[in-house]
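Secondary and tertiary structure notes
Okay, here's what each chain looks like letter by letter:
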Amino acid sequence: MSANDCKIIAIANQKGGVGKTTTTINLGAALAEQRKKVLLIDLDPQGNASTGLGIEQDQRDITTYDLLSGDASLEEAALPTSVKNLSIIPATTDLSSADLELIDNDKRSFLLRYVLQEADKAVSQYDYILIDCPPSLNILTVNAMVAAHSILVPLQSEFFALEGLSQLILTVRDVRQTANPDLWIEGIVLTMYDRRNNLSIQVEDDARENMGDMVFKTVIPRNVRLSEAPSFALPVIEYDSASKGATAYRALAKEVINKAKKKRA
Ligand code: ADP
Ligand code: MG
């Protein structure tokens with residue numbers, strides 16, 4: 001198996017609170033449930049993905065920051081979680097982008113890409129690497145886009161949701177032109193969807209009309225189990241396996257797996 005078989009997906013949207021971290025944790029866990037080996041990289045200094053999977057501050061000796069700065073290897077940085085087949089490289093506030101901004105212009109967007117290329121062997125142990133991006137189009141998010149094969153965009157089903165998307169797509173184009181010509185958009189997933197709310201329906205219609213196939217068939221409903229699960233340090237499929245949130249993320253995982261199959265064929 002070569003490192004090419006590992007699919008690297010950045011979960012990105014410069015808006016905060018749209019479901020990036022929830023999607024990273026729960027898509028990751030749902031892929032792991034399908035016997036895929038999954039590594040999450042917490043690329044947000046807030047460290048929400050790490051916290052949501054029960055990685056305490058005192059377990060974060062080696063973090064994404066150490067990985068990017070070359071002080072630790074991927075193997076050293078990856079921690080197992082309570083979920084089988086799911087590991088994570090945790091983040092702390094050390095990972096504020098300020099330090100990275102100081103690095104020489106030619107290199108600073110490529111830090112994560114180089115790390116993953118160097119760690120070829122370790123990377124090939126995984127079927128998926130999911131990168132949880134911060135709520136900004138800063139140097140950290142650019143690093144994720146430069147390192148990834150694709151980006152997956154959670155879109156909150158609310159007014160103005162589509163407005164931020166054009167800026168995100170411009171950034172993707174820029175990264176394609178300068179650093180990562182093969183970057184593609186894995187898909188857009190509607191989150192916090194409420195079927196009883198006309199606004200949700202309207203955002204969905206708009207997204208499907210404008211973005212067509214790019215929008216996943218699966219929509220993630222607003223589901224209280226999804227918001228409760230992180231405080232129990234569990235992904236929703238373990239916290240409440242029969243919940244609507246768990247069902248939705250399982251369906252999303254299947255779509256992601258099938259897309260990969262189609263693309264290879
Ligand atoms: P981001 O990482 O984009 O900032 P989060 O995933 O942290 O967003 O989600 C923001 C908040 O919304 C969190 O409190 C999370 O628990 C909650 N949340 C996310 N998705 C859902 C959902 N589908 N249903 C209910 N609450 C959700
Ligand atoms: Mg987040």
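Residues numbered from 1 in each chain as written. Chains lettered and ligands numbered in written order. Predicted model: local features only at pLDDT ≥ 70, side-chain atom pairs only at ≥ 80, totals over all residues.

Look at the UniProt record and you will see "domain: AAA" (unreviewed entry) annotated at residues 7-184. Each end of residues 7-184 is marked by a C-alpha atom, and these two atoms are 12 Å apart; helix forms 43% of the span and strand 16%. (UniProt positions renumbered as here; feature names shortened; annotations may be inferred. Helix = DSSP H or I, 4+ residues; strand = E, 2+ residues; numbered from the N terminus.)

A separate point is the sheet that holds strand β5 (residues 128-132). Pairing is mixed in the open sheet, where seven strands are placed in the order β3-β4-β2-β5-β1-β6-β7. Of all strands in the sheet, those bounded by a partner on one side alone are β3 (79-80) and β7 (184-191). Pairing analysis gives five bridges linking strand β1 (residues 7-11) to β5, with the strands arranged parallel. Along β5, the bridge assignment pairs isoleucine 9 with leucine 130. Its contacts with the sheet put helix α11 (residues 198-211) on β6 (150-156) and β7, and the angle it makes with β7 is roughly 165°. (Pairing = 2+ DSSP bridges. Contact = placed C-beta atoms within 7 Å. Axes fitted to C-alpha atoms, helices over the stretch in contact; angles between N-to-C directions.)

By nearness alone, 16 residues border ligand 1, and Gly19, Lys20, Thr21, Thr22 and Ser227 come closest of all. For the shell around ligand 1, the secondary-structure elements that each account for two or more residues are α1 (20-33) and α12 (224-228). Here the shell around ligand 1 gets three residues from one element, more than from any other, and that element is α1. Grouping the amino acids of the shell around ligand 1 by side-chain chemistry returns five nonpolar, nine polar and two charged. (Near = placed C-beta within 6 Å. Nonpolar A, V, L, I, M, F, W, Y, C, P; charged D, E, K, R; others polar.)

Okay, the environment of glycine 245 next. Within the fold, glycine 245 resides in helix α14 (residues 244-264). For glycine 245, a count of 24 C-beta atoms within 10 Å gives the class buried. It is 16 Å that separates the C-alpha atoms of glycine 245 and alanine 233, two residues lying twelve residues apart in sequence. Residues within four places of glycine 245 in sequence aside, it is in contact with Pro221, Asn223, Arg225, Leu226 and Val236. (Buried ≥ 20, exposed ≤ 12 C-beta atoms within 10 Å, placed from the backbone.)

Here we take up helix α9 (residues 139-147). Structurally, the α-helix is built with 3.6 residues per turn, so residues lying three or four positions apart point the same way. Most of α9 is tucked away, with eight of its nine residues classed as buried. Considered for burial, the residues of α9 that qualify are Leu140, Thr141, Val142, Asn143, Ala144, Met145, Val146 and Ala147. If you follow the buried residues of α9, they end up packed against β1, α5 (97-101), α7 (111-118), β5, β6 and α10 (161-178).

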